[in-house]
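# Residue-level structural notes
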Amino acid sequence: MITAAIVLAAGKGSRMGADKALLDLGGMPAIARLCEQCLAAAMDVVFVVRARGALPLPTLTSSVRVIEVSGEGEMVDSLRAVLRALPPEVQTVVCLPVDHALVTADTIAAVAAMAQRDGVGIALPLFRGKTGHPVALRRSVLDEIADSAVDSLRSIVRRDPARVRAVPTSNPWVRADLDRPEDLRAARAALAAEPFCTVEQMHRHRSHRAYQPTPLAEGQIERLVDAARYASTSSFIQAYSVVVVRDPQHKAACAALCADQQHILAAPVFAAVCADVHKI
């Protein structure tokens with residue numbers, strides 16, 4: 001059975017302010033990274049959908065085919081363009097927007113394998129109870145895209161819940177889009193971190209008291225607080241609130257209350273963790 005991946009990269013990236021396919025992620029363009037992961041997941045061929053007149057892509061392997069579209073349509077129009085060019089021997093397809101450039105080969109392979117099981121037509125990754133990308137479809141299901149009444153891939157997924165299966169994953173990037181510059185900063189930070197196991201990471205814990213004046217993006221702070229709140233609390237009540245302090249005068253007041261610790265003043269952001277008994 002031949003499997004194919006469809007990397008959707010025909011968007012304009014207006015919110016990002018740049019072509020998402022060409023964003024640098026860990027020293028390589030996002031499109032090259034995604035194609036590499038698709039091929040590592042044993043996809044036989046990768047179709048990349050690009051808008052006519054878009055910036056040229058980097059050199060990709062011979063297993064990658066580029067299909068051009070007008071760039072004015074929706075995702076479903078890109079899928080229809082690939083469907084017209086799809087060889088008849090392709091029986092399973094994995095659809096992956098370039099927005100999810102940190103999706104890895106294990107997730108791609110897992111949804112593709114699930115879609116090939118008896119009684120299954122569609123498979124999606126599941127992270128924290130919510131589905132994301134990529135979406136794997138049997139060829140017979142993808143063919144439904146040709147119907148002009150279909151306005152999105154989502155409508156295909158919702159058409160018959162009985163044929164849909166979710167595959168649990170620990171990869172948060174199946175849901176996180178690269179839409180804005182702060183998303184890109186978070187992705188690059190994630191790639192820069194080494195993949196230590198939990199015990200090794202705990203042994204490497206250190207406290208730092210010197211900071212650069214570089215401001216933190218709002219999205220990065222929210223991601224850090226969201227991760228921290230999964231630490232254990234009694235009955236998971238989380239009886240605290242986190243107050244983010246940036247104003248120099250307010251930071252000085254906080255420092256005075258904390259034995260005049262100068263690193264509070266030096267840090268661009270100070271997070272005050274406060275007991276909040278109203279949450280009990």
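What you see is a predicted model; the values in this text were computed from it and never measured.

### Brief notes about the overall build of the protein
- The helix and strand tally for the protein stands at 10 helices and 12 strands.
- Out of the 280 residues in the protein, the part that is buried amounts to 41%.
- Partitioning the contacts of the protein with sequence separation of at least 6, the portion at a separation of at least 24 is 67%.
- Total accessible area on the protein is roughly 15700 Å²; 54% of this is exposed by carbon and sulfur atoms.
- Mean positive and mean negative side-chain charge positions of the protein (31 and 29 charges, respectively) differ by 2 Å.

### Notes on the environment of Gln249
- Along the chain, the position of Gln249 falls in helix 9 (residues 248-257).
- Gln249 sits in the exposed class, given a relative accessible area of 66%.
- Along the primary structure Gln249 and Val46 are separated by 203 residues, whereas in three dimensions their C-alpha atoms are 55 Å apart.

### Section: the pattern of salt bridges
- Tallying each qualifying case throughout the model produces 11 salt bridges.
- Notably, a salt bridge pairs Asp99 with Lys20, separated by 2.5 Å at the nearest N-O pair. Remark: Lys20 occurs in the loop between strand 1 (2-8) and strand 2 (24-25) and Asp99 occurs in the loop between strand 6 (90-97) and helix 3 (105-115); sequence separation between them is 79 residues. Of the two residues examined, Asp99 and Lys20, each falls in the buried class.
- Its salt-bridge partner being Arg128, residue Asp226 comes within 3.1 Å of it at the nearest N-O pair. Note that Asp226 is positioned in helix 8 (residues 218-228) and Arg128 in the loop between strand 7 (122-127) and strand 8 (130-131), a separation of 98 residues in sequence.
- On the accessibility criterion, Asp226 (26% relative accessible area) is partly exposed.
- A network of salt bridges, in which partner residues are shared, links Lys20, Asp99 and Asp179.

### With respect to the side chain of Arg163
- With respect to the helices, strands and loops of the structure, Arg163 is situated in the loop between helix 5 (153-159) and strand 10 (164-168).
- Its relative accessible area of 13% is what places Arg163 among the buried residues.

### Points about the pairing of strand 6
- Judged by how many residues are buried, strand 6 sits mostly within the fold: seven of eight residues are covered.
- The pairing of strand 1 with strand 6 spans seven bridges and is parallel. Each residue of the ladder has a partner; that of Leu8, found in strand 6, is Pro97.
- As judged from the four bridges shared by strand 6 and strand 9 (residues 135-138), these two strands associate in the antiparallel manner. Looking at strand 9, one finds that Thr92 is bridged to Arg138.

### Some points on the environment of Leu34
- Take Leu34: it is sitting in helix 1 (residues 30-40).
- Here Leu34 falls in the buried class, since its relative accessible area comes to 0%.
- Among all residues touching Leu34, those that are not within four sequence positions of it are Val7, Leu96, Pro97, Val98, His100, Ala101 and Val103.

### As for helix 9
- Turning to helix 9, its buried residues are Lys251, Cys254 and Ala255. The arc enclosing the buried residues of helix 9, seen along the axis, measures out at 100°, which places them on a common side. Facing away from the buried side of helix 9, by more than 90 degrees, are the exposed residues Gln249, His250 and Leu257.
- Where helix 9 is buried, its residues meet strand 11 (240-245), helix 10 (262-266) and strand 12 (270-275).
- Two to three positions downstream of the cap, the backbone nitrogen of Gln249 sits 3.1 Å from a side-chain oxygen, assigning the N-cap of helix 9 to Asp247.
- Count one or two residues on from helix 9 and you reach Ala259, which has phi positive near 60°.

### Topic: the packing of aromatic side chains
- Enumeration according to the criterion identifies zero aromatic pairs in this entry.
- Sitting over the face of the ring of Tyr230, Arg128 holds its NZ or CZ atom 4.3 Å from the ring centroid.
- One residue, Arg223, lies across the ring of Trp173, its end atom 4.9 Å from the ring centre.

### Considerations on unusual backbone geometry
- The linkage connecting His133 with the following residue, Pro134, adopts the cis geometry, with an omega of 10°.
- Mapped onto the elements, Pro134 comes out in the loop between strand 8 and strand 9.
- With a phi angle near 55°, Phe236 is a residue other than glycine that sits in the positive phi range.
- Given a relative accessible area of 44%, Phe236 falls into the partly exposed group.
- At Asp260, a position not held by glycine, the phi torsion is positive, near 55°.
- If you trace the backbone, Asp260 turns up in the loop between helix 9 and helix 10.

Calculation criteria
- Residues numbered from 1 in each chain as written.
- Predicted model: local features only at pLDDT ≥ 70, side-chain atom pairs only at ≥ 80, totals over all residues.
- Heavy atoms only, no water.
- Helix = DSSP H or I, 4+ residues; strand = E, 2+ residues; numbered from the N terminus.
- Buried < 20%, exposed > 50% of the residue type's maximum accessible area, 1.4 Å probe, protein only.
- Contact = heavy atoms within 4.5 Å.
- Areas by Shrake-Rupley, 256 points an atom, 1.4 Å probe, with all protein chains shown as cover.
- Lys, Arg positive; Asp, Glu negative; His and termini not counted.
- Charge placed at Lys NZ, Arg CZ, Asp CG, Glu CD.
- Salt bridge = Lys/Arg side-chain N within 4 Å of Asp/Glu carboxyl O.
- Pairing = 2+ DSSP bridges.
- Arc of directions from axis to C-beta.
- Polar contact = N/O pair within 3.5 Å; in protein donor to acceptor, adjacent residues only side chain to side chain.
- Phe/Tyr/Trp six-rings, centres within 6.5 Å; stacked < 30°, edge-to-face > 60°.
- Lys NZ or Arg CZ within 6 Å of the ring centre and 35° of its normal.

Treat this as a map of the structure, not an account of what it does.
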